[in-house]
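# Report on the structure
Listed below, chain by chain, are the residues.
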Amino acid sequence: MTGVVNSKDFISERMSADIERLSKHFNVTDDLFGKSIFLKHLIKQNGDAEDTEQKLLIQEILDVYISILSNMKSRTEDNDIKSSIIHIMDRVKKLKNQVDQQREHLLKRQLQDLWAVQTSDSVVQSKAIRELITVFQKASELGIQT
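Now for the overall build of the protein. On a plain count of helices and strands, the protein comes out with five helices and zero strands. Looking at the protein residue by residue over its 146 residues, the buried ones come to 18%. Total accessible area computed for the protein in this model is approximately 12000 Å², and 55% of it derives from carbon and sulfur atoms.

Okay, structure coming up:
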């Protein structure tokens, strides 16, 4: 096994069928106009984003999907469509919770590492000075991004 994860590893046949059913029911076509709603947020312009940032964005995107699906569910009378929406919403909620737990764990670990820095240690101080330009540059870039 190569370690490469395929989207089919996460999307069950039932979920695929439910999404297809919704696409047909709500007349979703490939020729929708305009820019993407979510995909543009998944990868930063430089193609590189921190895990915690990506997980936060994914979590918020999944929240929007839950809201969209909830609205679609309330607008339809078709019980099969409602069942598909409920199934998809359950999967999205479960995934959102998993992403949230991972993001929270990663962020806590990173913060604990920062809080544990011995600021009075002369070696730590030397390393900090050596890294200051790079850190300041990165913080400045984040501060001016729109």
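Turning next to the side chain of Lys55. Assignment of secondary structure puts Lys55 in helix H3 (residues 51-75). Among the polar contacts made by the side chain of Lys55, one reaches the side chain of Gln102 at a distance of 3.5 Å. Leave out the neighbours within four places in its chain, and Lys55 touches Val99, Gln102 and Arg103.

On to H3. Look at H3: 36 Å from first C-alpha to last across 25 residues, which is about the 36 Å you get at 1.5 Å a residue. Every buried residue of H3 is accounted for by Thr52, Gln54, Lys55, Gln59, Ile61, Leu62, Ile66, Leu69 and Met72.

This part takes up the packing of H3 against helix H4 (residues 79-115). Where H3 contacts H4, the two axes come as close as 9 Å, and the packing angle between them is 160°. When the axes of H3 and H4 are compared, the pair comes out roughly antiparallel. Relative to H4, the crossing made by H3 is left-handed. Here the residues of the contact of H3 with H4 are counted per class, giving 16 nonpolar, five polar and nine charged.

Two elements in contact, helix H1 (residues 13-25) and H4, have axes separated by 9 Å at closest approach and are oriented at 130°. As summarised for this structure, H1 and H4 are arranged oblique, according to the angle between their axes. As H1 runs across H4, the sense of the crossing is left-handed. Where H1 approaches H4, its residues Arg14, Met15, Asp18, Ile19, Arg21, Leu22 and His25 are matched on the opposing element by Asp80, Ile81, Ser83, Ser84, Ile85, His87, Ile88 and Arg91. For the contact of H1 with H4, the class distribution of residues is six nonpolar, four polar and five charged.

Another aspect to go through is the pattern of salt bridges. Inspection of the entire model under this criterion finds five salt bridges. The salt bridge partner of Asp18 is Arg14, with a shortest N-O separation of 3.6 Å. Within this pair, Asp18 and its partner Arg14 are both found in helix H1, separated by four residues, close to a single helical turn. Relative accessible area serves as the criterion here: at 3%, Asp18 is assigned to the buried category. With a shortest N-O distance of 3.5 Å, Lys96 and Asp63 are connected by a salt bridge.

Attention shifts here to the confidence of the model for the protein. Averaged over every residue, the pLDDT of the protein is 80; residues scoring 70 or more account for 78%. Residue range residues 1-7 is modelled with pLDDT below 50. Its contacts to residues more than four positions away, or to other chains, number one contact.

Rules of the game
Residues numbered from 1 in each chain as written. Predicted model: local features only at pLDDT ≥ 70, side-chain atom pairs only at ≥ 80, totals over all residues. Heavy atoms only, no water. Helix = DSSP H or I, 4+ residues; strand = E, 2+ residues; numbered from the N terminus. Buried < 20%, exposed > 50% of the residue type's maximum accessible area, 1.4 Å probe, protein only. Areas by Shrake-Rupley, 256 points an atom, 1.4 Å probe, with all protein chains shown as cover. Polar contact = N/O pair within 3.5 Å; in protein donor to acceptor, adjacent residues only side chain to side chain. Contact = heavy atoms within 4.5 Å. Expected span 1.5 Å × (residues − 1). Axes fitted to C-alpha atoms, helices over the stretch in contact; angles between N-to-C directions. Parallel < 35°, antiparallel > 145°, perpendicular 65-115°, else oblique. Left-handed = near helix turned anticlockwise from the far one by under 90°. Nonpolar A, V, L, I, M, F, W, Y, C, P; charged D, E, K, R; others polar. Salt bridge = Lys/Arg side-chain N within 4 Å of Asp/Glu carboxyl O. pLDDT = per-residue confidence, 0-100.

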